[in-house]
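The chain contents come next:
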Amino acid sequence: MHDPEKEPREELPVVALPRLGEQLIGVLDRFDAHPLLGVVAVDASALGFLEEAHGGGVRAQALARLGAIVRSVADPFFGGDAIVVAGEMGRLEIVIVVCREASDGAFFR
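**Comments concerning helix H1 (residues 20-33)**
Each full turn of the α-helix corresponds to 3.6 residues, which orients residues three or four apart in the same direction. Taking 1.5 Å of rise per residue, the 14 residues of H1 would be expected to cover 20 Å, and the 19 Å separating its terminal C-alpha atoms lies within 8% of that figure. Roughly 30° is the biggest bend found in H1, and it falls at Gly26.

So, in structure tokens, the structure goes:
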């Protein structure tokens, strides 16, 4: 029987994601060049209990790990064009921003 626990796992690089506000200029630059904007927000509020139970460092690490997972899915799906960021201060979320050409409207359907 196949046991996924015994298979080697590829480790994802875990680093804190930049905040959306920190990347806003880059988002606006991409939007100027590619005027169709798609945004996906991943609600991470379920991680909020970690801060009360184990401290802010544990919550931050869990959010960074979730960010690494989201990035590992978004990069190949969006062809590396996605901007993956954390939500603003006090918001436990991961945000994926994608800008496309006006001729790529089918992408958003």
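**A short note on the nonpolar core**
In this structure, Leu47, Ala74, Phe78, Ala82, Val84, Ile94 and Ile96 are the most contacted members of the largest nonpolar core, which totals 15 residues. Among the secondary structure elements, those contributing two or more residues to this core are helix H3 (56-77), strand S2 (83-86) and strand S3 (93-100). The element best represented in this core is H3, accounting for four residues. Excluding residues within four positions of it along the chain, Ile94 makes contact with Leu17, Val40, Ala41, Val42, Leu63, Leu66, Gly67, Val70, Val84 and Val85. Membership of the second largest hydrophobic core comes to five residues, among which are Val27, Ile83, Val95 and Val97.

**Observations concerning the sheet that holds S2**
Strand order in the open sheet made by the three strands is S1-S3-S2, with antiparallel pairing throughout. Each of the sheet's edge strands pairs with one partner strand only, and the pair in question is strand S1 (36-43) and S2. Taking the axes of each pair of neighbouring strands and ignoring which way they run, one obtains an average angle of 20° across the sheet. Across four bridges, S2 lies against S3 in antiparallel orientation. When the sheet's bridge partners are listed, Ile83 is paired in S3 with Val97. Here H3 sits on the sheet and contacts S1, S2 and S3; the angle it forms with S3, its principal contact strand, is near 25°.

**What about the side chain of Glu93?**
By secondary structure assignment, the location of Glu93 is in strand S3. The class of Glu93 is buried, set by a relative accessible area of 18%. Other than its neighbours up to four places away in sequence, Glu93 contacts Val42, Ala44, Val85, Ala86, Gly87 and Glu88.

**Topic: the pattern of salt bridges**
Counted under the stated rule, the structure contains three salt bridges. As a salt-bridge pair, Arg59 and Glu51 come within 3.2 Å of each other at their nearest N and O atoms. Assessed through its relative accessible area of 42%, Glu51 is described here as partly exposed.

Cut-offs used in this document
- Residues numbered from 1 in each chain as written.
- Predicted model: local features only at pLDDT ≥ 70, side-chain atom pairs only at ≥ 80, totals over all residues.
- Heavy atoms only, no water.
- Helix = DSSP H or I, 4+ residues; strand = E, 2+ residues; numbered from the N terminus.
- Expected span 1.5 Å × (residues − 1).
- Bend = angle between axes of the 7 residues up to and from the residue.
- Core = buried A, V, L, I, M, F, W, Y, C linked by side-chain atoms within 4.5 Å.
- Buried < 20%, exposed > 50% of the residue type's maximum accessible area, 1.4 Å probe, protein only.
- Contact = heavy atoms within 4.5 Å.
- Pairing = 2+ DSSP bridges.
- Axes fitted to C-alpha atoms, helices over the stretch in contact; angles between N-to-C directions.
- Salt bridge = Lys/Arg side-chain N within 4 Å of Asp/Glu carboxyl O.

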